[in-house]
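Take a look at the letters that make up each chain.
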Amino acid sequence: MEAIAKKATFEALQGYPKPRGNLENLTLGSEVTETAGIFELYISGERPQDARVISRAIVDREHGGVRVEVFPDEFSLSVLNR
């Protein structure tokens, strides 16, 4: 599922600006439920509630279908090029 999510996320983010500077705060989080794998690409903050989710890929465990949501409003101008 992770490979499916990574490929779909990469394709979905093609039209968006790339992070600049130090990318050590760019993180991939994952969760597996009974029906799906959920993969979030986010920029971590000093506290967990400061994290800024860039995208979320949801992969259907049974059929392998994937849906990617991109959250451009969450892109931090201090971290990303515009």
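Cut-offs used in this document
Residues numbered from 1 in each chain as written. Predicted model: local features only at pLDDT ≥ 70, side-chain atom pairs only at ≥ 80, totals over all residues. Heavy atoms only, no water. Helix = DSSP H or I, 4+ residues; strand = E, 2+ residues; numbered from the N terminus. Buried < 20%, exposed > 50% of the residue type's maximum accessible area, 1.4 Å probe, protein only. Contact = heavy atoms within 4.5 Å. Areas by Shrake-Rupley, 256 points an atom, 1.4 Å probe, with all protein chains shown as cover. Pairing = 2+ DSSP bridges. Axes fitted to C-alpha atoms, helices over the stretch in contact; angles between N-to-C directions. Polar contact = N/O pair within 3.5 Å; in protein donor to acceptor, adjacent residues only side chain to side chain. Arc of directions from axis to C-beta. pLDDT = per-residue confidence, 0-100.

**Things to note about the overall build of the protein chain**
Part 1: Of the regular secondary structure elements, the protein chain holds 1 helix and 4 strands.
Part 2: Listed by position from the N terminus, the elements making up the protein chain come as α-β-β-β-β.
Part 3: In the protein chain, buried positions account for 22% of the 82 residues.
Part 4: Long-range pairs, those at least 24 residues apart, make up 39% of the contacts in the protein chain with a sequence separation of at least 6.
Part 5: A total of about 5800 Å² of accessible surface is found on the protein chain, and carbon and sulfur atoms cover 48% of it.

**What to know about the sheet that holds strand β1 (residues 26–32)**
Part 1: Here 4 strands make up an open sheet; going across it, the order is β1-β2-β3-β4 and the pairing antiparallel. One side of each edge strand has no neighbouring strand; the edge strands of this open sheet are β1 and β4 (66–70). Strand-to-strand twist in this sheet, taken as the mean axis angle between neighbours without regard to direction, amounts to 15°.
Part 2: Alignment of β1 against strand β2 (residues 36–43), held across 7 bridges, turns out to be antiparallel. By the bridge assignment, Val32 is partnered in β2 with Gly37.
Part 3: Sitting on the sheet, helix α1 (residues 2–12) touches β1, β2, β3 (52–60) and β4, and the angle it makes with β4 is about 45°.

**Digging into the side chain of Thr9**
Part 1: Along the chain, the position of Thr9 falls in helix α1.
Part 2: The class of Thr9 is buried, set by a relative accessible area of 11%.
Part 3: A distance of 2.8 Å separates a polar side-chain atom of Thr9 from the backbone oxygen of Ala5.
Part 4: Not counting the four nearest positions on each side in its chain, Thr9 is found in contact with Leu41, Ser55, Ala57 and Val68.

**Structural notes on α1**
Part 1: Every buried residue of α1 is listed here: Ala5, Ala8 and Thr9. Down the axis, α1 shows its buried residues gathered within 100° of arc, on one side only. Exposed residues pointing more than 90 degrees away from the buried face of α1 are listed as Ala3, Lys7 and Phe10.
Part 2: On the buried face of α1, the contacting elements are β2, β3 and β4.

**Overview of the confidence of the model for the protein chain**
Part 1: Overall, the predicted model of the protein chain reaches an average pLDDT of 84, with 83% of residues at or above 70.
Part 2: Across residues 76–82 the pLDDT falls below 50, and counting only partners more than four positions away or on other chains, this stretch makes 17 contacts in the model.

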